[in-house]
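For reference, the chains in residue letters:
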Amino acid sequence: MEQNNGPKFSKPRFVQPGESMVPPGSPQELIVEEEAPALSAEVVDGKEVRTPNSQKKSQTPLQDSLRRLRKDFRAMFCLGVIAFYVLLAIFGPPIYRMAGPDYKSNMTNTVIPASVYRDFTHQEADRKHEGPSAQYWLGTDSIGRDLFARLMQGMLISIAVAAVVELIDIFLGVTVGVLAGYYGGWIDFVLARFTDVIFAFPGLLFIILLVGILGSKANDTLGNIPVIGANGNARLLFVSIGLALTVWPLMARYVRGQTLQLKEQQFVEAARTSGATDFTIIVRHLIPNLFSIVIIASTLNIANTIISEAGISLLGLGVQPPGSSIGLMISDATTFLENHPWEALMPSFVLVIIVLAFSFLGDGLRDAFDPRSKD
Amino acid sequence: MLKFLIKRFIGLLFVILCVTFLTFIIGYYAPSNPIQIMMGDHPNKLLEAQLKHAYGLDLPPLQQYLNFLIRLLHFDLGTSFKTIGRPVNDIIGEGLPISLELGMWALLIQICIGVPVGIISAIRANSWTDTISMGAALIIYALPAFILGILVQFLIIWLDNTFGWSWPNTQWGTPWQYTWTDIQYKLAPILVYGATGMAYFARLARTSMLEILRQDYVRTARAKGLYERAVIYRHAFRNALIPLITIIGLSVGFLVAGAFFIERIFSIPGIAGITLDSIDNLDYPVVQATTVVLAIGVVFGNLLSDICYTLVDPRIKAE
């Protein structure tokens, strides 16, 4: 136990700064996991009451966990919500643009097809602040843009940022965490100091500083690149990198703790005795066993990332107009909160739903992969 | 104990040093040239050189950083680019009292409401009081602060319209004054600002108290026939507070990050609001200064909770 805590943290830490918006109790419980004995296949299997029948077709721990997850109604429901969200964000806009009647504008006296007026940047000057209708499913905003199209674009942005952040987070966190846990030494020392700094300093402040100062010219440098630079998304690259930089040490810490326990176990010893190199042990034996902790931590972190991206865009530092982001939609609508509350409340509601879905799914995954963490 | 505190203090100095270095480096590599923006439509090579010299921007980067640090040690945060010649101290001096006031009240609310709610929930675990308060805490905690802010603003506007009140939903009253109008201004932002932390404190207090109530010494206290009240308040409650104290420092960190949203949504001219304005105006000295001030606030909060922690928990001395 003392080994795992290491000499780095002189007092119990219950949560890390910058984690304020993480779903209930999760960071703390994950830390507890790190200090608790290893999650091993034997223990997980041992919990099951085995009838002779079930012994015939034995399940791997992963199958066992997935079976538990499938039984968890709330987690599966949240998974459904997330799947719907992702599908809507990716396939929604083209379908929405295709399916719609032509519209005869009274102002310009021209016929506009749905593919134009249902684009998230298109403005219809005489259709401002409308409620939901057959033409504009969720209404229009203060300059006559389709709110449903903008919402789907914002959803896409939130998923894209979350994906980029998680990729960097998992890559850096697993690499550094495994090396620090397996070899110890200076990597471990540097990681510990780095995490101390990150935990003692709100990550959002760092991102605001980074994006606020370097972001002003992002459009000039990245504006010509098709996806990254288009539609005022240029700053998102900075936002994603900033977010990833502030979260990976936490992932590295979880991975390090798990690695410390794994490397003492017999299968690693057996591999070493049979002549496996360090590289083989790490890649073949350690990293596959980190699957559960990485998937739990990153699911919970996605909720955080989505909130942060929306928040940064809300502050005017993320996506720039005419682009769209859930945060930008809220920020655009706050001025009209008195007369058109729908425009601010609708994206807020969507944000809350997706954040809750990821939090609950993370909780469900934790219960499924580590049954003992349940009360 | 002293040794422990000194160790923490050195660690925190290291954090501050890292922060100043980061802010400096980011500012140094800022892509836009503030001097050119300052001169506006009348570019003038000589004036540019003079201004660069006046702001110390013609020195090598390391020298600039050292100057920045030395000035910082003299509590001199430099001069603004936007309003030429205006000391940054002046600008921060306007926002800091507001942010401090906001933060102090939010922290007080978190502790004074969050902790008792959590403790009561733990004592009455699994009753309807527990279910309702923990359910509310869960929802508040899961909501991003800015969403909560917008919901509250919407509620205020709705109440104003329905009952003909004139309750303000943005701006801040006079700092540190509490007339009825000031309270009207300040109440909503403070409540929203404190809400996330309040929910967090409540949840943590409940967990901590439940843990303590399972301990042997609580059973002993009950077994020897102490009144339930004595068991809870004299034995359990005091021990349950220990983990909460470490949270206070971290809570300051949350508050600093949350300030940006609260001050933006409620249009409060605090230090976070100044930071955002200065970012728009490319006024880097102000951004650097506010970042350092906010970071020092976080670090100070951490140190404060370390000190409280050592005072409360004698076991720390063993280290």
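Residues numbered from 1 in each chain as written. Chains lettered and ligands numbered in written order. Predicted model: local features only at pLDDT ≥ 70, side-chain atom pairs only at ≥ 80, totals over all residues. Heavy atoms only, no water.

**Q** Can you walk me through the overall build of chain B in this structure?
**A** When helices and strands are counted, chain B shows 12 helices and 0 strands. Order of helices (α) and strands (β) in chain B, N terminus to C terminus: α-α-α-α-α-α-α-α-α-α-α-α. Dimensions of chain B, computed from C-alpha atoms along their principal axes, come out at roughly 85 × 60 × 30 Å. Residue burial in chain B is summarised as follows: out of 319 residues, 50% are buried. For chain B, contacts bridging at least 24 residues in sequence account for 70% of all contacts bridging at least 6. Counting every atom, chain B has about 15,900 Å² of accessible surface; 67% of that belongs to carbon and sulfur. Side-chain charges in chain B split into 22 positive and 20 negative, and the spacing between the mean points of these groups amounts to 14 Å. (Helix = DSSP H or I, 4+ residues; strand = E, 2+ residues; numbered from the N terminus. Buried < 20%, exposed > 50% of the residue type's maximum accessible area, 1.4 Å probe, protein only. Contact = heavy atoms within 4.5 Å. Areas by Shrake-Rupley, 256 points an atom, 1.4 Å probe, with all protein chains shown as cover. Lys, Arg positive; Asp, Glu negative; His and termini not counted. Charge placed at Lys NZ, Arg CZ, Asp CG, Glu CD.)

**Q** Sorry, what's going on with the UniProt feature "transmembrane region" (unreviewed entry) in chain A here?
**A** According to UniProt, the "transmembrane region" (unreviewed entry) feature falls on residues 75–96, 155–185, 197–216, 236–255, 286–307 and 344–365 of chain A. The distance from the first to the last C-alpha atom of residues 155–185 of chain A is 43 Å, and the span holds 97% helix and 0% strand. (UniProt positions renumbered as here; feature names shortened; annotations may be inferred.)

**Q** Looking at this structure, how should I read the packing of helix α5 (residues 88–123) of chain B against helix α10 (residues 228–265) of chain B?
**A** All names here are of chain B. One can describe the packing of α5 onto α10 by two numbers: an axis separation of 9 Å at closest approach and a directional angle of 140°. In the packing of α5 onto α10, the handedness of the crossing is right-handed. Taking contact as the criterion, the partners of Ser99, Leu102, Gly103, Ala106, Leu107, Gln110, Ile111, Val115, Ile119 and Ile123 in α5 are, on α10, Ile232, Phe237, Ala240, Leu241, Leu244, Ile248, Ser251, Val252, Leu255, Ile262 and Glu263. Taken together, the residues that form the contact of α5 with α10 break down as 16 nonpolar, 4 polar and 1 charged. (Axes fitted to C-alpha atoms, helices over the stretch in contact; angles between N-to-C directions. Left-handed = near helix turned anticlockwise from the far one by under 90°. Nonpolar A, V, L, I, M, F, W, Y, C, P; charged D, E, K, R; others polar.)

**Q** What is the right way to look at the UniProt feature "domain: ABC transmembrane type-1" (unreviewed entry) in chain B in this model?
**A** According to UniProt, the feature "domain: ABC transmembrane type-1" (unreviewed entry) maps to residues 96–305 of chain B in the numbering used here. End-to-end, the C-alpha atoms of residues 96–305 of chain B are 22 Å apart, and along that stretch the chain is 83% helix and 0% strand.

**Q** Whenever I open this one, the packing of helix α8 (residues 147–183) of chain A against helix α18 (residues 342–369) of chain A confuses me. Can you help?
**A** In a pair of packed helices, the angle between the axes and the distance between the axes together describe the arrangement. Residue and element names in this part refer to chain A. Contact geometry of α8 with α18 gives a least axis separation of 11 Å together with a crossing angle of 30°. The interaxial crossing formed by α8 with α18 has right-handed handedness. Contact residues: α8 offers Leu147, Leu151 and Met155, while α18 offers Trp342, Glu343, Met346, Pro347 and Val350.

**Q** So what exactly am I meant to see when it comes to the interface of chain B and chain A here?
**A** One widely used convention gives an interface's size as the accessible area the parts lose upon coming together. Counting residues at the interface gives 59 residues for chain B and 52 residues for chain A. For the interface between chain B and chain A, the tally reads 1 residue pair in polar contact (both at pLDDT 80 or more). With 12 residues, α10(B) is the largest single contributor of residues to the side of chain B that touches chain A. Considered class by class, the residues forming the side of chain B that touches chain A number 42 nonpolar, 12 polar and 5 charged. (Polar contact = N/O pair within 3.5 Å; in protein donor to acceptor, adjacent residues only side chain to side chain.)

**Q** Any chance you could explain the side chain of A:Thr259 here in plain terms?
**A** Tracing the backbone shows A:Thr259 in helix α13 (residues 234–262). By relative accessible area, A:Thr259 is classed as buried at 0%.

**Q** Even after reading the chapter, I still don't get helix α4 (residues 61–73) of chain B, so can you show me in this structure?
**A** An α-helical turn contains 3.6 residues, so a residue and the one three or four places further along point in the same direction. Residue and element names in this part refer to chain B. With 13 residues, α4 ought to run about 18 Å at 1.5 Å a step, and its terminal C-alpha atoms sit 18 Å apart, in line with that. Among all positions in α4, only Gln64, Tyr65, Phe68, Leu69 and Leu72 are buried. Across the axial projection of α4, the buried residues extend over an arc of 135°, all falling on one side. Contacts from the buried residues of α4 go to α1 (2–28) and α12 (284–312). (Expected span 1.5 Å × (residues − 1). Arc of directions from axis to C-beta.)

**Q** What exactly am I supposed to notice about the UniProt feature "transmembrane region" (unreviewed entry) in chain B here?
**A** Residues and elements named next belong to chain B. Following the UniProt record, one finds the feature "transmembrane region" (unreviewed entry) at residues 9–30, 102–123, 135–159, 187–205, 241–266 and 286–312. Structurally, residues 102–123 comprises 100% helix and 0% strand, and the distance from its first C-alpha atom to its last is 32 Å. Helix makes up 100% of residues 286–312 and strand 0%, and the two end C-alpha atoms of the span are 39 Å apart.

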